[in-house]
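Chains, contacts and geometry: an overview
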Amino acid sequence: MKNPIEEQKTGEEYHPSEIESRWQKKWEEDKVYSPDLDNAKKPFYNLMMFPYPSAGGLHVGNVYAFTGSDIYGRFKRMQGYDVLQPIGLDGFGIHSENYALKIGEHPMEQSKITEQNFYRQLRSIGNGFDWTRTLETYDPRYYKWTQWIFILLFKNGLAYRKKSPVNWCPDCKTVLSDEQVIDGNCERCSNLVEKKDLEQWFFRITKYADRLDKNIDSLKWSEKVKISQKQWIGKKDGINIIYPVVYGNGKAPNNGKNSLSVTVFTTRPDTNFGATFVVIGPEHELVTLMLDSSNEIVISRNIRDEINSYVEIGKNKTEMERMVDGRIKTGVFTGLYAFNNLNDAKLPIWISDFVIGDVGTGAVVGVPGHDVRDFQFATTFGIPIIRVVVGKDGDTSEITNENNVQEKEGTMINSKFLDDMETSEASNKIMDYLEEKKWGKRITSYHLRDWLISRQRYWGPPIPMIYCSNCASLGKSWFTVNGLKKNEDNSSMIGWHPVLDDKLPIELPHIEDYKPLGTGKSPLESHPEFYNTICPYCRKEAKRETDVSDTFLDSSWYFFRYLFTEFDNIPFGSEIFEQESQLSNKSYVLKEKAGNAAKRIRNWLPVAQYVGGSEHSVLHLLYSRFISMVFKDNGLCSNFEEPFSNFFAHGLIIKDGAKMSKSKGNVVIPDIYIQKYGADTLRTYLMFIGPFSDGGDFFDSGLEGIYRFLKRVWVLIEKSSTASMGVTATRVMRHKTIKKVTNDLSNFRYNTAISALMEYYNFLVKQERLDREDYLVFLKLLAPFAPHLTEELWQNMHMQSASIHKQAWPTYNDSLLVDDELTIVVQVNGKLRDSFIIESDKAMNKNEVENVARSLDRIQQYLNDDNQKIIFVPGKIINFVTN
RNA sequence: GCCGGGAUGGCGGAAUGGUAUACGCGGUAGUCUCAAAAACUACUAGUCGCAAGGCUGUGUGGGUUCGAGUCCCUCUCCCGGCACCA
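Here we take up the pattern of salt bridges. Tallying each qualifying case throughout the model produces 39 salt bridges. Taking the shortest distance from any N to any O, the salt bridge between glutamate 850 and arginine 854 comes out at 2.9 Å. Of this pair, glutamate 850 and arginine 854 both sit in helix α30 (residues 846–855), separated by four residues, roughly a single helical turn. On the basis of relative accessibility, which here comes to 16%, the residue glutamate 850 falls in the buried class. Via salt bridges that share partners, Asp38, Asp130, Arg133, Glu566 and Arg600 belong to a single interconnected network.

So, in structure tokens, the structure goes:
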């Protein structure tokens, strides 16, 4: 029998384009990357954030991210896992709509073109995607379930409507979530964001704030992402202090009936004896009461006018103006006082726009000696400053300068029963006291706000809700007609009913006037044929919601859908569907398939490894976690509530030192590089630039270097027909390389894995005789990086063999990692003076090493009676030290 | 302001407290060629030296250690996130 190595073609040059398209086709035909979801023995869900098409195609940054994730998947597959690596498009939403608007195409038609181009590109980079289960968020079969999820949240009391000042981008003509406002500007178009009062749908994510916060500690995520999430949730422990409101003469307004009070949230109650004023925001309810002349609060006409004009001016300020103006403190005195029960002090109540309506209680207590912002306010309006904390410097003098404001901890003074205590002790003591006296209540506050879901745009899933004015006039809502009590969570839902499950999806109609109106209404508002419907409860005429939902809802659950793309009717399933939902009287999901669906969820979720950009640290990852928790609470997934047990945040590819952007004209399109050098070169190059966590600067000459390397590999293997068997000279290097590459891949250290392979290559090419095993190991180790090249060479060596990507990952033996000879470094007083090579076993022996070291000419000149102390590191170093 | 992460040759970067600059790019010289490209070979931190070899070197200044890019403290600068958050 002929040696298979001799069978291979020789003398052919490396032509990546021919090889790559051939193998891509073959892999897809052979379903190399399509695991059997129901029978997989070692499921491994390897997920990459799916792209959102905000341009005609992928740029090289996308390729970077996908390749990094793909390499990990290929590594795991060769380690024997059944790797599921799906791909889809997050093509619904504002990014894609803006792109369509820009090029003057209808989003619905444009999405089909974009889809084709994205999938073509995604195929050309040679990723091991399972092309049998793609999804697109704008596909009605997909967003049927996005709508179903909206209804699920509604039925759980987690979706509600509220009129509130929201971030409004006049250019995108839609509202934005807080997360989408960057320094007062729109994340998408960088236009100034305005405040606008609109009635909107919100998701009550704040109800999950504590859970979202607590779980973070146990996640195996990139540390910086965990920190961002923690910071965004912004959990703070403090106390709400309730101050009775009085006039200057100490009497209560309203003749003492229904006595008024103002509640402030503070994290520093220890300083409360130093409080000299209270500030409420312009949105505070007390302001409304004061402006209402029918109310019994007696304030002078002058003050009322002043308050009125201050509030009106504030309303017209943009976010940006409010921030720029922030340095200078403005405000008006209300004529009212907050009565501090601790020391009977009357604290003047001011209105100022530095206090934000929906932070804390919308009111703060001013302690100017121990808060810089309060100090600025107090000095602007001549309010007294009292020192109650002495810091480390021991300074007890009056605080007259901003630099002397004592914000850090210290020892209490001027605070009666708190005197001489440390601030932390004083804090606990006074909170106990305030609670005991019922003057306050400990509370945990969060920076996280409820998730604003409504978007006044066209290209998104219509919110599946119906408003019935008849039901509204009778005080009815879905909650009341289903016998659920009205409570705080659903009281604003009068007249609202969800679309019945069997009417889903509510399809987005193809309309010509899809452009955003800028009126605070969706384009669907001009389409009665869309919004006119009948009430699912009373059957009278009713109206559909015309806003669509936020894109982040689409992407918050897609990793569930991948598991069920072959079914139209089951997005995911579990035992709950076998019982019938408590909340819905119609079970829509086919029961006989539910058990199977539940099994898939148990087997494949949570996602074993998620890879994505850190720009989604807050938005997407937080929303996905929230939705998963809601699923868990509804029995849709019973084995987890954290969808991504491992998350790795990859870096950013830049060009010429700057972030790639169309305006800078430095966007690198992968296609031309793939044509010229092949996907294998581009992939390997991108991974070689630097650590995957860091990204790097894309430059063409670096690509040439990798292309040279792969061409050399091609030639080396082509020449391998003369390779011998049973050569041992390369064994240590082989095992060292296996160990290094295996460890590096496990930790996403791709750049060093590639350099280890280059070293291995450089070593092999210098050898006179090689073991065939070296070639096989080399190909396997390189396979995740250059899947086509290695497959071609592998198949040339193994006729009729299974794909290299299904071969077992090489293993190493620790006992074979030691070289026959080692280099010992000789130092004198820690300075390198010489080195020598010695057999490994002798290198471990102090006497052997010392004898050789002492005999070296260059060492002898440094040795004398003084330096007899010897530091010996076996196999590495001997150091002669002067006593 | 607060919270992260950094700073290493001409460039991207590598270094369990143990030979700093692996690997690659770029550069210089050479081989091949009529020539060029490609490919291959050698050299490539600075500095003094004919050489052998010496000295200096990982942003700054100190410290711990036989030994520090790595650990501790000081400062400077850069990048990312958050921010009138009470």
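And the narrative resumes.
Now for the packing of helix α23 (residues 679–688) against helix α28 (residues 787–797). At a closest axis distance of 7 Å, the pairing of α23 and α28 adopts a crossing angle of 125°. Our classification of the angle between α23 and α28 gives oblique. Contact with α23, carried on its side by Ala679, Asp680 and Arg683, involves Pro787, His788 and Leu789 of α28 and no other residues of that element. Here the residues of the contact of α23 with α28 sort into three nonpolar, one polar and two charged.

Under the definition given, this model contains zero disulfides. Lacking any disulfide linkage, cysteine 538 is separated from the closest cysteine sulfur, that of cysteine 468, by 3.5 Å. Judged by its relative accessible area of 21%, cysteine 538 falls in the partly exposed class.

Leucine 504 connects to proline 505 through a cis peptide bond whose omega is 0°. The residue proline 505 is located in the loop between β23 (496–498) and α16 (528–531) in this model. Following leucine 605, the chain continues to proline 606 via a peptide bond in cis, the omega torsion being 0°. For proline 606, the position within the fold is in the loop between α20 (591–604) and β27 (609–613). One non-glycine residue with positive phi stands out, namely asparagine 414, at about 50°. Within the element layout of this structure, asparagine 414 appears in the loop between β18 (411–412) and α13 (423–436). Even without glycine at this site, lysine 416 takes up a positive phi of about 50°.

Attention shifts here to helix α5 (residues 107–124). If you check α5, its first and last C-alpha atoms are 25 Å apart, about what 18 residues at 1.5 Å a residue would give, namely 26 Å. Those residues of α5 not exposed but buried are Pro107, Gln110, Ser111, Thr114, Phe118, Tyr119, Gln121, Leu122 and Ser124. The positive-phi residue at the C-terminal boundary of α5 is glycine 126, with phi of around 75°.

Right, let's get into the side chain of threonine 114. Along the polypeptide, threonine 114 turns up in helix α5. The contacts of threonine 114, once residues within four sequence positions are left out, are Pro53, Ala55 and Gly56.

Within the open sheet, the five strands sit side by side as β2-β1-β27-β28-β10. Their pairing is parallel. Two strands lie at the open edges of the sheet, namely β2 (82–84) and β10 (220–221), each paired on one side alone. Contacts from helix α3 (residues 60–78) reach β1 (43–48), β2, β27 and β28 (646–650), with the element oriented near 170° to β1.

The next point concerns the confidence of the model for chain A. Predicted confidence across chain A gives a mean pLDDT of 87, with 91% of residues reaching 70 or more. Taken together, the stretch residues 1–11 has pLDDT below 50 and engages in 22 contacts with residues farther than four places along the chain or on a different chain. Of the regions scoring below 50 in pLDDT, residues 571–593 engages in 67 contacts with residues more than four places distant in sequence or in other chains. Confidence estimates for the predicted assembly give a pTM of 0.91 and an ipTM of 0.95.

A full pass over the atoms with the stated rule returns 66 aromatic pairs. An angle of 65° between the planes, with centres 6.1 Å apart, marks the rings of phenylalanine 154 and tryptophan 478 as edge-to-face. Taken together, the residues span a long stretch of sequence, with phenylalanine 154 in helix α6 (residues 140–155) and tryptophan 478 in helix α15 (residues 478–481) at a distance of 324 residues. Of the residues examined, phenylalanine 154 reaches a relative accessible area of 0% and is grouped as buried. Tryptophan 478 gets classed as buried once you look at its relative accessible area, which sits at 8%. Residues tyrosine 750 and phenylalanine 785 carry aromatic rings whose centres are separated by 6.0 Å and whose planes lie at 85° to one another, so their mutual orientation is edge-to-face. With tyrosine 750 in helix α26 (residues 750–766) and phenylalanine 785 in the loop between α27 (772–782) and α28, this pair connects stretches of sequence that are 35 residues apart. The burial state of tyrosine 750 is the same as that of phenylalanine 785; both residues are buried. If you follow lysine 42 out to its NZ or CZ, it ends over the ring of tyrosine 81, 4.2 Å from the centre. Here the basic side chain of lysine 543 rests over the ring of tyrosine 531, its NZ or CZ set 4.8 Å away from the ring centre.

Take the sheet that holds β23 next. Strand order across the open sheet formed by four strands is β23-β22-β25-β24, with antiparallel pairing between neighbours. Among the strands making up the open sheet, the edge pair consists of β23 and β24 (532–534). Strand after strand, the sheet turns through a mean of 45° between neighbouring axes, direction not considered. Pairing geometry for strand β22 (residues 465–467) and β23, over three bridges, is antiparallel. If you follow isoleucine 466 over to β23, its bridge partner there is histidine 497.

About the cut-offs
Residues numbered from 1 in each chain as written. Chains lettered and ligands numbered in written order. Predicted model: local features only at pLDDT ≥ 70, side-chain atom pairs only at ≥ 80, totals over all residues. Heavy atoms only, no water. Salt bridge = Lys/Arg side-chain N within 4 Å of Asp/Glu carboxyl O. Helix = DSSP H or I, 4+ residues; strand = E, 2+ residues; numbered from the N terminus. Buried < 20%, exposed > 50% of the residue type's maximum accessible area, 1.4 Å probe, protein only. Axes fitted to C-alpha atoms, helices over the stretch in contact; angles between N-to-C directions. Parallel < 35°, antiparallel > 145°, perpendicular 65-115°, else oblique. Contact = heavy atoms within 4.5 Å. Nonpolar A, V, L, I, M, F, W, Y, C, P; charged D, E, K, R; others polar. Disulfide = S-S within 2.5 Å. Expected span 1.5 Å × (residues − 1). Pairing = 2+ DSSP bridges. pLDDT = per-residue confidence, 0-100. Phe/Tyr/Trp six-rings, centres within 6.5 Å; stacked < 30°, edge-to-face > 60°. Lys NZ or Arg CZ within 6 Å of the ring centre and 35° of its normal.

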